Amino acid sequence: MTVSREDELFEIDMELLKLLDERIQKGAIARHDVDEAAYIQKLTSIYDGAAPGELVEKLIQSLFNESGKGRDHGAERRMLYSRESKRSDTIVEVNGHEIGGPGTVNIFGPCAVESYRQTAEVAAMLKEKGLGIIRGGAYKPRTSPYDFQGLGEEGLRILSRIREEYGLAVISEITAPGHVELARPHLDIFQIGARNMQNFELLKAVGRSQTPVLLKRGLSATVEEFLYAAEYILAEGNPRVILCERGIRTYEKSTRNTLDISAVPLLKQATHLPVMVDVTHSTGRKEIMAECAKAALAAGADGIMAEVHPEPDAALSDSKQQMSFTEFEDFYTNLP
Ligand code: PEP
Ligand code: MN
């Protein structure tokens, strides 16, 4: 029986793969103790076979890289948020709305749930426009402990009622791991606020649920830190994560925070997760919100978050930056 060239090659490659097995096992242990550059240099200077030095160098370097993966180097690990882990865009489905899908999905509503009536007025207005999701804080992380802290559980119950009566999905911030179980029956999306972006126990707690999570960028968080925070949620097994750019702290005082538009394409390139932009907390300026929302969408954002209140002047929080219904009408009809 004659052995074909292909069979011959196959046998050699199988031998190579067996050696590769051994190489990977040993290499994984050796990586920390070896000066890779010096090692490869020594190898190529001694080796005088048929393979070009460049190939030998490339081959051995790629083996080193491979054997280091999955060990204790955070930076070398393949992150679940990354496009290398998952190429296709993640779509977070909420009540029939596909966040991260081909269309834009926006989230509007008051800063805080203040009463059933106030929230219901906003819900009715949003529903009339065909919008499907309402926001409203039940737990408000305020700078001063003397400011309105939110209605807490009562606020969650109001949101539940709104959901039932208006058929809208509801999103609200939770601020402690203990809120996960309590809030789960009332909410369609958990919001993690900027101040809690690195509250790792909270991130792990929402990661153990399967409820969608909207994670806001921290006040002074880099894009990298933001992504690592998302990784905490994904690593616990919850793939339904939405990122939200909401402005960062800079020296600029003319806006409440500095809206980092560049973060949008950076995030879209680095991760498969949906990216939204909150134009209310980033700018704090109603007169530029529409333009900033357009810029965010042009940069690739999957949706916009903004605050609207039936009577902003009487609002218990963020009264200067919440839009009235008339202002909202103007803002909304200006969105592409
Ligand atoms: C909010 O959206 O209600 C809020 C408090 O925003 P941030 O966490 O971005 O400050
Ligand atoms: Mn607010």
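See the structure shown above.
This is a predicted model, so every value here is computed, not measured.

> Quick rundown of the overall build of the protein chain? Include the residues and the values.
Within the protein chain, the secondary structure is distributed over 12 helices and 10 strands. Against the compact-globule benchmark of 20 Å for 336 residues, the protein chain has a radius of gyration of 26 Å, which places it well outside the compact range. C-alpha extents for the protein chain along the principal axes are approximately 85 × 50 × 40 Å. When burial is assessed residue by residue, the protein chain has 47% of its 336 residues classed as buried. Intrachain contacts of the protein chain at a sequence separation of at least 6 include 69% that bridge at least 24 residues. A total of about 17,300 Å² of accessible surface is found on the protein chain, and carbon and sulfur atoms cover 52% of it. Across the protein chain, the 39 positively charged side chains and the 51 negatively charged ones have centroids separated by 4 Å.

> Got a sec to walk through the coordination of the manganese ion (ligand 2)? Specific residues and values, please.
Protein coordination of the manganese ion (ligand 2) is provided by Cys111 (SG), His281 (NE2), Glu307 (OE) and Asp318 (OD), with donor distances spanning 2.0 to 2.4 Å. When the donor residues of the manganese ion (ligand 2) are listed from N- to C-terminus, their spacing reads C-x169-H-x25-E-x10-D. With His281 in helix H10 (residues 279-283) and Asp318 in the loop between strand S10 (303-307) and helix H12 (325-334), this pair connects stretches of sequence that are 37 residues apart. Per residue, the accessibility class of His281 equals that of Asp318, and both read buried.

> So what's going on with helix H5 (residues 153-166)? Residues and values would help.
With 14 residues, H5 ought to run about 20 Å at 1.5 Å a step, and its terminal C-alpha atoms sit 20 Å apart, in line with that. Taken together, the buried positions of H5 are occupied by Gly155, Leu156, Ile158, Leu159, Ser160, Ile162 and Tyr166. Tucked into the core, H5 has its buried residues touching helix H4 (116-128), strand S4 (133-135), strand S5 (169-173) and helix H6 (179-183).

> Give a description of the state of the cysteines that names residues and reports values.
For the coordinates displayed, the defined rule picks out zero disulfides. Of the cysteine sulfurs around Cys244, a residue in no disulfide, the closest is that of Cys111, at 13 Å. Judged by relative accessible area, which is 0%, Cys244 ranks as buried. No disulfide involves Cys292; its nearest neighbouring cysteine sulfur is the one of Cys244, lying 14 Å away.

> Summarise the site of ligand 1; cite the residues concerned and give the values.
Lining the immediate surroundings of ligand 1 are Arg135, Lys140, Glu173, Gln191, Gly193, Ala194, Arg195, Lys216, Arg246 and His281. At a separation of 3.0 Å, an oxygen atom of ligand 1 approaches a polar side-chain atom of Lys140. In the model, an oxygen atom of ligand 1 is placed 2.6 Å from a nitrogen or oxygen of the Arg246 side chain. Class assignment for the residues of the shell around ligand 1 results in one nonpolar, three polar and six charged.

Thresholds, definitions, all that
Residues numbered from 1 in each chain as written. Chains lettered and ligands numbered in written order. Predicted model: local features only at pLDDT ≥ 70, side-chain atom pairs only at ≥ 80, totals over all residues. Heavy atoms only, no water. Helix = DSSP H or I, 4+ residues; strand = E, 2+ residues; numbered from the N terminus. Rg over C-alpha atoms; globule rule 2.2 N^0.38 Å. Buried < 20%, exposed > 50% of the residue type's maximum accessible area, 1.4 Å probe, protein only. Contact = heavy atoms within 4.5 Å. Areas by Shrake-Rupley, 256 points an atom, 1.4 Å probe, with all protein chains shown as cover. Lys, Arg positive; Asp, Glu negative; His and termini not counted. Charge placed at Lys NZ, Arg CZ, Asp CG, Glu CD. Donors = N, O, S within 2.8 Å, 3.2 Å for Na, K, Ca; no water. Expected span 1.5 Å × (residues − 1). Disulfide = S-S within 2.5 Å. Near = heavy atom within 4 Å. Polar contact = N/O pair within 3.5 Å; in protein donor to acceptor, adjacent residues only side chain to side chain. Nonpolar A, V, L, I, M, F, W, Y, C, P; charged D, E, K, R; others polar.

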